[in-house]
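A closer look at the structure
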Amino acid sequence: MVRRTTKTRRQFIKFFATTSIGLSLGSSDPAEASPRKYGKLHDTTKCIGCKRCVSACKRWNKLKIDRDEELTDRETDLTGKSWVVVNLTRDKRNREDLHYQHWTCQHCIKPACAGVCPVKAIKKLPEGPVVIDEKKCIGCRYCYQACPYKVPRFDFEKRVTRKCTMCHDRIPRVKPACVTACPVGALDFGVKQEILTKARKRTEEVGGYLLGEHEAGGTDFLTILTTTPEDLGLVVAPKKVVNRDLDKLRITSYGFSGASLLTGLMYMYSRTEEEETEETEEKE
Amino acid sequence: MDSAIRTGNAKSPAYYIWISSLIALMVLGGYAQIMSLLTSLEIMEFSLRIPWTMMVSNYVFLVVSSTGLCIVSSLGHVFGMKRYELLSKRCVFLALVTIIFGMSSIALHLGHPERALIYNIITPNLRSPIWWMGTLYSFYILFIAVEFWFLVRMGMAKKANSSTDLKQKIYSLMVARKTDETPESLKNDHKWARIAGVLALIFGLSAHNTLGAVFGHTEARVFWYGPYYPVYFLFSAAFCGYAWLISATIITYKVKGKEIAGKLKKLLFEMSKIFALLLCIGLLFTSYKLGFGLLNPAKAKSIMLLLNGPFSLPFWLFEIAIGSLLPIIILLYAAYKKKIGGLLTASIMVLIGVFVMRFDFLVVGEVYPMFSPMGKDALVLVPSFFPVLMEIFVIAGIFGALFLSYTLGVKFLPLEEELQ
Ligand code: SF4
Ligand code: SF4
Ligand code: SF4
């Protein structure tokens, strides 16, 4: 009995200490260091735009193959059946500078999509992937609205929202389908901390920009770009956690103040007398 | 034609034409819905990139109206304004009908509405405004229904007691066999209606706040983000409530060929002044939103879509002219000249304007940011923002069902104002 109490107390202290350290360090770092946490990396400077990653993704996830997948440089968009797209991006300041970019869910460390799903169909797994439970999704598409990159797309046949799962049904035993398929090693997968170190080093080498290091509070999919996302004309996400709960509370409190104000006005109105029109009407 | 409507009796041809056209609209909506089930939901959408369109805007339109009607009705039996009690029954009935069809609108938009019922209860996400909205509105519907039942119980009991056979059976079933007509039971009804009314108001306003929060919380949609919508929706609810109540009352009296006089007339004119005031507040809100929005470069692009882009016609013509400015002028003129027709025109104009406004605010918010790796502008990726035919059919069906419910309600339920 005594032992149990001590243990609980110790657990409490441990819990308290880790949480406060966690809070003071910022939420992402202690989690990053976990050896069970994985990340994916794309290096646009190495990519040759062969789109084998796209085909591999479709094969593994049994997604319908459509016309856009042909080897063209036409712009392709994510859909409920295309979880990965490869597109040519052009640097606005240096129009000659063209690179292929492998684009998919960024697997945010603090995913905005999971925060807004009304039925908790989206989960951030401890290994890193952000996964939608297709048996649970009600198809409201709020996750699409909340995602800073507009990734989760609606599948009109299945009537649910779908997106990249970072092959959570393969990893970490086997690397994600796209990574295995890449012929030139433009894609990489591994323990997050190692991937991050590698990515930082490579970014420095090529003098580029590491997308996902800070965007949306950090993401588990990283992309080495040759220049900033602004210059490439990509969607620019804020460099902080998107949809923080505190902001949500703040905004809701404004709403409640508005409601109280309205109720107050209604009360004041209800105390007013009936207008004197009767008299004037009679006079007329 | 006019006189046919005026007779207001169920046998007149105009009545049958009205009912059959509503049923035709419902058939149209049902057809579109079945087609979407047989083929794919895609036939309802004009772009994968803009997933919330008319079904959602119609939902917002109807639930905002319902909250507004609840606000107006609570002036009567919650805040104790005797003169407003006159319209309580009609008002609460409209609130009930609009919320039911508003909810149907969103249910038809969901991919799997049946799952929503289950997982909202089993795995709630308390961080999600949609969860709060759904849950609070469910309670709201319950309380509004209870409130309405207590408001009309006496009237239905009278009908039950004065009729025979099947009619009597149905009415007594509707009042759960409480066919008691004593003044004590009426007092009791009032007490319970008031309690349900207070709860409906509390849940209605809270649900409404979370409806605004669905948009206000979405940081990735700059146009919606911030406390503006939760607050603005409340005030716009109030004027929508007035618009519905005024137009429904006047039309019903016109169709029945009855004169609006005495207390009711006075109340309508009083309401029209508050209505005009609320419209002015709404206009101030809009100018604030646009003015301050333009200062923020992230929002300015979306706002320009309204001011001088693909949405400029709906914005200037429907939102500003038809939905705000003209009705304010007409209302003031009508109040001055004591013209009931003016109130009706202004209310209908506001309803049309607000319906368009809900669509605009929703779709404009979804245009930016739009993912385009080659840096194409959203207006190139989505060339037209006009809703597709199938979606329009479903909305038409919903309105058909809504008007039919109201017509039947007026016919079979004791919604009459007791003018004596
Ligand atoms: S990128 Fe979008 S979909 Fe992917 S985890 Fe982040 S918020 Fe969710
Ligand atoms: S579409 Fe599905 S996954 Fe996305 S928020 Fe709605 S229920 Fe959740
Ligand atoms: S497989 Fe590799 S090289 Fe080919 S498009 Fe994908 S990331 Fe680029």
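Preceding this section is the structure that the text describes.
Residues numbered from 1 in each chain as written. Chains lettered and ligands numbered in written order. Predicted model: local features only at pLDDT ≥ 70, side-chain atom pairs only at ≥ 80, totals over all residues. Heavy atoms only, no water.

What about the overall build of chain B?
In terms of regular secondary structure, chain B is built from 16 helices and zero strands. For chain B, with 420 residues in total, the buried portion stands at 60%. Counting contacts in chain B only where the partners sit at least 6 residues apart, residues at least 24 apart contribute 80% of the total. Summed over all atoms, the accessible surface of chain B reaches about 17000 Å², with 72% contributed by carbon and sulfur. Charge separation in chain B, taken as the distance between the mean sites of 36 positive and 22 negative side-chain charges, equals 5 Å. (Helix = DSSP H or I, 4+ residues; strand = E, 2+ residues; numbered from the N terminus. Buried < 20%, exposed > 50% of the residue type's maximum accessible area, 1.4 Å probe, protein only. Contact = heavy atoms within 4.5 Å. Areas by Shrake-Rupley, 256 points an atom, 1.4 Å probe, with all protein chains shown as cover. Lys, Arg positive; Asp, Glu negative; His and termini not counted. Charge placed at Lys NZ, Arg CZ, Asp CG, Glu CD.)

What about the site of ligand 1?
Taken together, 13 residues are adjacent to ligand 1, and Cys-105, Gln-106, Cys-108, Cys-113 and Cys-147 of chain A come closest. Here the residues of the shell around ligand 1 sort into ten nonpolar, two polar and one charged. (Near = heavy atom within 4 Å. Nonpolar A, V, L, I, M, F, W, Y, C, P; charged D, E, K, R; others polar.)

Focus on the side chain of Glu-270 of chain B
Along the polypeptide, Glu-270 of chain B turns up in helix 11 (residues 262-295). Within the local environment of Glu-270 of chain B, its side chain forms a polar contact with the side chain of Tyr-269 of chain A, the two groups lying 2.7 Å apart. (Polar contact = N/O pair within 3.5 Å; in protein donor to acceptor, adjacent residues only side chain to side chain.)

A closer look at the sheet that holds strand 8 (residues 187-191) of chain A
Residue and element names in this part refer to chain A. The mixed open sheet is built from four strands, whose spatial order is 8-1-10-9. For this open sheet the edge positions go to strand 8 and strand 9 (209-211), each flanked by a neighbour on one side alone. Strand-to-strand twist of the sheet, defined as the mean angle between neighbouring strand axes without regard to direction, takes the value 25 degrees. Where strand 1 (residues 38-43) lies against strand 10 (residues 221-225), four bridges are found, and the strand directions are parallel. Counterpart to His-42 in the pairing with strand 10 is Thr-223. In this fold helix 7 (residues 192-206) packs onto strand 1, strand 8, strand 9 and strand 10, with an angle of close to 140 degrees to the strand it touches most, strand 8. (Pairing = 2+ DSSP bridges. Axes fitted to C-alpha atoms, helices over the stretch in contact; angles between N-to-C directions.)

Brief notes about the packing of aromatic side chains
Geometrically, a pair of aromatic rings is defined through the distance of the ring centres and the angle of the planes. All names here are of chain B. Within the structure shown, the criterion is met by 44 aromatic pairs over all chains. Taking 5.2 Å as the distance between ring centres and 35 degrees as the angle between the ring planes, the aromatic pair formed by Phe-93 and Phe-148 counts as tilted. Of this pair, Phe-93 sits in helix 5 (residues 88-109) while Phe-148 sits in helix 7 (residues 129-162), and the two are 55 residues apart along the sequence. The exposure classification of Phe-93 matches that of Phe-148, with both residues buried. Ring geometry for Trp-149 versus Phe-150: centroids 5.1 Å apart, planes at 80 degrees, classification edge-to-face. (Phe/Tyr/Trp six-rings, centres within 6.5 Å; stacked < 30°, edge-to-face > 60°.)

A word on the site of ligand 3
Residues in close proximity to ligand 3 total 13 residues, the closest being Cys-47, Cys-50, Lys-51, Cys-53 and Cys-182 of chain A. A per-class count over the shell around ligand 3 returns nine nonpolar, two polar and two charged.

Points about the nonpolar core
Across soluble globular proteins, you tend to see nonpolar side chains buried next to one another. In terms of nonpolar packing, the biggest core is built from 164 residues, with Tyr-84, Tyr-137, Leu-211, Phe-215 and Tyr-242 of chain B touching the most fellow members. Top contributing element to this core by residue count: helix 10 (residues 228-256) of chain B, with 19 residues. Those residues in contact with Tyr-242 of chain B that sit more than four places away from it in its chain are Tyr-269 of chain A together with Val-72, Leu-75, Tyr-84, Met-271, Ile-274, Phe-275 and Leu-278 of chain B. Counting 35 residues, the second-largest nonpolar core is a separate cluster that includes Val-84, Trp-103, Ile-171 and Phe-189 of chain A. (Core = buried A, V, L, I, M, F, W, Y, C linked by side-chain atoms within 4.5 Å.)

Things to note about the packing of helix 11 of chain B against helix 14 (residues 340-367) of chain B
Residue and element names in this part refer to chain B. The geometry of helix 11 relative to helix 14 is characterised by a closest axis approach of 11 Å and an angle of 40 degrees between their N-to-C directions. It follows from the interaxial angle that helix 11 and helix 14 lie oblique. Pair helix 11 / helix 14 crosses with left-handed handedness. Judged by residue contacts, Lys-265, Leu-268, Phe-269, Ser-272, Phe-275 and Leu-279 of helix 11 engage Ile-340, Leu-343, Ser-347 and Val-350 from helix 14. For the contact of helix 11 with helix 14, a count of residues per class yields seven nonpolar, two polar and one charged. (Parallel < 35°, antiparallel > 145°, perpendicular 65-115°, else oblique. Left-handed = near helix turned anticlockwise from the far one by under 90°.)

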